[in-house]
Amino acid sequence: MAQIEVTSPEGGAKGSVELPEDVFDAKVSIPLIHQVVNAQLAAGRQGTHATKTRGEVRGGGKKPYRQKGTGRARQGSIRAPQYTGGGTVHGPQPRDYGQRTPKKMKAAALRGALSDRARHGRIHVVTTFVADDVQTKLTQTALKALRQVTGSDKVLIVLAREDEHNRRALRNLQEAHVLDADQVNTYDVLYSDDVVFTEAGYAEFLAHAAGASKAAESEEDAK
């Protein structure tokens, strides 16, 4: 079981934490991660796109010209698809893009993404960013020092759900993406260069990961 140092906002070491092998040293399956990320992005689509068919376009109730004797092709409506302003053929209609993804697959994909970051030294744990004095300026200084060490431009910061001090201090920083411990997902881990946990956020994440694994096993047994 690997260990990493816990640092303070000033940069000094404040102890260490263990990285459980079942979460941070799991097998990385690229096809599985690809499937889960695609499903997550698809679930975020609204699916409200719509086009009008010839039956929905306004007008066109009158026959353009008589059926026979003109030498032209017979037409029944100026709202047919071949006319300007006519209906659309096989256009997009409102639909649900959601894909069913078992909890076990989501958990395995997340473990793979975190394991990849851990093997490249991209997992970090800090004591906290701010204590009682909620100042974005202080947080920005601490985050800048961290980015100088990691060399990353995109940082995912994981906080405990009740950690309002750090959340308020980080919410205005564009370079930091903040998530609660129970919201960590494969896409955000892969999109960010480094994943930074606070101590409280790390403990809460491990507890949530253990619960998610049990839920996935229960779902599998129920089938």
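Here is what the cut-offs are and how they apply
- Residues numbered from 1 in each chain as written.
- Predicted model: local features only at pLDDT ≥ 70, side-chain atom pairs only at ≥ 80, totals over all residues.
- Heavy atoms only, no water.
- Pairing = 2+ DSSP bridges.
- Helix = DSSP H or I, 4+ residues; strand = E, 2+ residues; numbered from the N terminus.
- Axes fitted to C-alpha atoms, helices over the stretch in contact; angles between N-to-C directions.
- pLDDT = per-residue confidence, 0-100.
- Polar contact = N/O pair within 3.5 Å; in protein donor to acceptor, adjacent residues only side chain to side chain.
- Contact = heavy atoms within 4.5 Å.
- Buried < 20%, exposed > 50% of the residue type's maximum accessible area, 1.4 Å probe, protein only.
- Phe/Tyr/Trp six-rings, centres within 6.5 Å; stacked < 30°, edge-to-face > 60°.
- Lys NZ or Arg CZ within 6 Å of the ring centre and 35° of its normal.
- Salt bridge = Lys/Arg side-chain N within 4 Å of Asp/Glu carboxyl O.

Student: Please clarify how the sheet that holds strand 6 (residues 194–198) should be interpreted in this entry.
Tutor: In any sheet, the strands associate via hydrogen bonds between backbone groups, in a parallel or an antiparallel arrangement. Here six strands make up an open sheet; going across it, the order is 2-1-3-6-4-5 and the pairing mixed. Of all strands in the sheet, those with a lone pairing partner are strand 2 (13–19) and strand 5 (176–180), marking the two edges. Strand-to-strand twist in this sheet, taken as the mean axis angle between neighbours without regard to direction, amounts to 30°. Two strands pair when backbone bridges link them, and strand 4 (residues 155–159) and strand 5 are joined in this way by five bridges, in the parallel orientation. Each residue of the ladder has a partner; that of Val155, found in strand 5, is Ala176.

Student: Just to check I follow, could you spell out the confidence of the model for the protein chain for this structure?
Tutor: Any residue range with low pLDDT should be treated as having predicted coordinates unsuitable for detailed reading. Here the protein chain averages 86 in pLDDT, while 85% of its residues score no lower than 70. Taking the mean pLDDT of every element in the protein chain, the minimum, 67, falls on helix 4 (residues 136–150) and the maximum, 96, on helix 2 (residues 30–43).

Student: Explanation requested: the side chain of Arg167 in the structure shown.
Tutor: Position of Arg167 among the secondary structure elements: in helix 5 (residues 164–170). A distance of 3.5 Å separates a polar side-chain atom of Arg167 from the backbone oxygen of Arg161. Among the polar contacts listed, one links the side chain of Arg167 to the side chain of Glu164, at a separation of 3.2 Å. Excluding anything up to four places from it in sequence, Arg167 contacts Leu159, Ala160, Arg161 and Asp180.

Student: How do you make sense of unusual backbone geometry when you look at a structure like this?
Tutor: It is generally the case that most residues other than glycine have a negative phi and that most peptide bonds are trans. With a phi close to 55°, His90 is a non-glycine residue in the positive phi region. Structurally, His90 is set in the loop between helix 2 and helix 3 (103–119). Here His90 falls in the exposed class, since its relative accessible area comes to 81%.

Student: When you look at the packing of aromatic side chains in this model, what are you seeing that I'm missing?
Tutor: The description of two aromatic rings rests on the distance between their centres and on the angle between their planes. All chains considered together, the criterion is met by five aromatic pairs. In textbook terms, an aromatic cluster arises when at least three aromatic residues are bridged by ring pairs, as seen for Phe24, Phe197, Tyr202 and Phe205. One Lys or Arg, Arg45, reaches over the ring of Tyr97 and ends 3.7 Å from the middle of that ring. Lying across the ring of Tyr97, Arg95 places its NZ or CZ 3.9 Å from the centre.

Student: For this particular structure, what's the right way to read the pattern of salt bridges?
Tutor: Pairs can form between side chains of opposite charge once their charged atoms are near each other. For the structure on display, the rule yields seven salt bridges. We note a salt bridge from Arg122 to Asp194, for which the minimum N-O separation is 2.7 Å. Of this pair, Arg122 sits in the loop between helix 3 and strand 3 (123–126) while Asp194 sits in strand 6; the two residues are 72 residues apart in sequence, bridging distant segments of the chain. Residue classification places Asp194 among the buried positions, given a relative accessible area of 1%. Asp180 is paired through a salt bridge with Arg167; the nearest N and O atoms lie 2.2 Å apart. One end of the pair, Asp180, is in strand 5; the other, Arg167, is in helix 5, with 13 residues separating them in the sequence.

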